[in-house]
Amino acid sequence: MLPKILDEKILPMISQARITNDLGLVREYLPIWMVDRLAKKRNISEDESSEMVVTILEVFSKMWILSLKYQLTHVLGFFVTYIFNQYRNRFRNSEIPEAGELYLQLWNYSNPANEEDPMEEKVEILKSNLEKLPIFTALVLSLQFDLPMKQNLKQFLLWKLRENQSDENLFFSEWEERRNLHRQLLLRLTSMITRYTRKLYETTDPKRRDWYGKQKKIWMLRRTRAFDRSFFSEREIAKWLGITRKAVRNHLSQGKHQLRKVGKDLLHYA
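Throughout what follows, the structure given in this document is the object of discussion. This structure is a prediction, so every number in the text was calculated from the model and none was measured.

## Things to note about helix α4 (residues 60-67)
For α4, the full list of buried residues reads Phe 60, Met 63, Trp 64 and Ser 67. Each buried residue of α4 sits inside an arc of 100 degrees when the element is viewed along its axis, so together they form one side. Among the exposed residues of α4, those pointing more than 90 degrees away from its buried face are Lys 62 and Ile 65.

Below you can see the structure in the form of structure tokens.
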């Protein structure tokens, strides 16, 4: 028996797609929704998330036809079950397959194939060093890069919003919307990197490998630019907190300098 799952955002999309047979919107959002549900139950990496988005897109037409057997009250249960099965099928073998070391080297140009993913360690270092900064500097830096905030920093943010008579609900609504859009962007970019990594792994033709390699580097550069892009601009931070843009720039300069002394790519692990 499939579980009943209700979601006010994705269910209307599915219902409309069933009526019109226009799968454009649901094809864009459903794979990300499925992977998000998977991530809530499994400790999966960013690379695995991107792999699963690509996997679902590849089998989307088949999956959609299968889902039509289920009523709307149970169809999300079907999609969740489907993503869990796909994940188990794709990652159930921990052994590196033949030529797998080459595949991993293609994913990381500079890192050894057997190097562990440093993300968890980097996140902890980021949180630890953010606490060492002056609280206003930490807040401004967190707003520009959407860094993880501890409770004291969240309380300070609330106090500044109220002191400045800013609309709290509007602020957090806009923050959440931007976070979702940014996550979707990063997933799409990482999916393209995964796609060309897979093509590099599968082809032996030198010309095709050269072209795939160039395409992969282009998408990696785009993802790096997406990481570096401001979450909230200096002007917006100044407006929400009731300070000058010069003050914002000073806090950002100080905070970035301190964090980059610890690790130049630390801000990429928000």
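## With respect to the packing of aromatic side chains
Tallied over the full model, the rule gives 15 aromatic pairs. Measuring from centroid to centroid gives 5.1 Å for Tyr 70 and Phe 78, while their planes differ by 25 degrees, and the two rings are stacked. Taken together, a centroid distance of 5.5 Å and an interplanar angle of 15 degrees make the contact between Phe 171 and Phe 232 stacked. Placement of the pair is Phe 171 in helix α10 (residues 168-202) and Phe 232 in the loop between α11 (206-228) and α12 (234-241), with a sequence separation of 61 residues. With relative accessibility at 1%, the residue Phe 171 sits in the buried group. A network of ring pairs unites the aromatic residues Phe 171, Phe 172, Trp 175, Phe 232 and Trp 240 as a single cluster. The residue whose ring lies beneath Arg 195 is Tyr 196, and the NZ or CZ to ring-centre distance is 5.4 Å. A cation sits over an aromatic face here: Arg 222 above Trp 219, 4.4 Å from the ring centre.

## As for unusual backbone geometry
In the Ramachandran plot, Asn 21 falls in the positive-phi region, its phi being about 60 degrees despite a non-glycine side chain. Even without glycine at this site, Gln 165 takes up a positive phi of about 55 degrees. Its relative accessible area of 75% is what places Gln 165 among the exposed residues.

## Some remarks on the packing of helix α2 (residues 24-41) against helix α3 (residues 46-58)
Orientation of α2 relative to α3, taken along the N-to-C sense of each, is 135 degrees, at an axis distance of 9 Å. In terms of orientation, α2 lies oblique with respect to α3. The hand of the α2/α3 crossing is right-handed. Contacts from Arg 27, Pro 31, Met 34, Val 35 and Leu 38 in α2 reach Ser 49, Met 52, Val 53, Ile 56 and Leu 57 in α3. Partitioned by chemical class, the residues of the contact of α2 with α3 number eight nonpolar, one polar and one charged.

## Notes on the environment of Asn 164
Within the secondary structure, Asn 164 is located in the loop between α9 (151-163) and α10. Taking the C-alpha atoms as reference points, Asn 164 and Lys 239, separated by 75 residues in sequence, lie 8.7 Å from one another. Ignoring anything within four residues of it in the chain, the contact list for Asn 164 reads Lys 239, Trp 240, Leu 241 and Gly 242.

## A short note on the packing of helix α1 (residues 10-20) against α2
At a closest axis distance of 10 Å, the pairing of α1 and α2 adopts a crossing angle of 140 degrees. Comparing the axis directions of α1 and α2 gives the class oblique. In this structure, α1 crosses over α2, and the sense of that crossing is left-handed. Residues Ile 10, Met 13, Ile 14 and Ala 17 of α1 form the contact with α2, whose participating residues are Leu 25, Val 26, Tyr 29, Leu 30 and Trp 33. Here the residues of the contact of α1 with α2 sort into nine nonpolar, no polar and no charged.

## Examining the pattern of salt bridges
For the structure shown, the criterion picks out six salt bridges. Arg 162 is the partner of Glu 168 in a salt bridge, and the nearest nitrogen-oxygen pair spans 2.6 Å. Between Glu 234 and Arg 249 there is a salt bridge; the shortest N-O distance is 3.4 Å. Residue Glu 234 is found in helix α12, and its partner Arg 249 is found in helix α13 (residues 245-262); the two are separated by 15 residues along the sequence. The partly exposed category is assigned to Glu 234, whose relative accessible area is 23%. For Arg 249, a relative accessible area of 39% corresponds to the partly exposed category.

## Let's talk about the side chain of Ser 50
Along the polypeptide, Ser 50 turns up in helix α3. Setting aside residues up to four positions removed in sequence, Ser 50 forms contacts with Leu 187, Thr 190, Ser 191 and Thr 194.

## Focus on the side chain of Thr 55
Looking at where Thr 55 falls in the secondary structure, it is placed in helix α3. When its relative accessible area of 7% is taken as the criterion, Thr 55 is described as buried. Here Glu 51 takes part through its backbone oxygen, which lies 2.9 Å from a polar atom of the side chain of Thr 55. With residues near it in sequence (within four places) discarded, Thr 55 still touches Gln 86 and Arg 90.

Basis of the calculations
- Residues numbered from 1 in each chain as written.
- Predicted model: local features only at pLDDT ≥ 70, side-chain atom pairs only at ≥ 80, totals over all residues.
- Heavy atoms only, no water.
- Buried < 20%, exposed > 50% of the residue type's maximum accessible area, 1.4 Å probe, protein only.
- Helix = DSSP H or I, 4+ residues; strand = E, 2+ residues; numbered from the N terminus.
- Arc of directions from axis to C-beta.
- Phe/Tyr/Trp six-rings, centres within 6.5 Å; stacked < 30°, edge-to-face > 60°.
- Lys NZ or Arg CZ within 6 Å of the ring centre and 35° of its normal.
- Axes fitted to C-alpha atoms, helices over the stretch in contact; angles between N-to-C directions.
- Parallel < 35°, antiparallel > 145°, perpendicular 65-115°, else oblique.
- Left-handed = near helix turned anticlockwise from the far one by under 90°.
- Contact = heavy atoms within 4.5 Å.
- Nonpolar A, V, L, I, M, F, W, Y, C, P; charged D, E, K, R; others polar.
- Salt bridge = Lys/Arg side-chain N within 4 Å of Asp/Glu carboxyl O.
- Polar contact = N/O pair within 3.5 Å; in protein donor to acceptor, adjacent residues only side chain to side chain.

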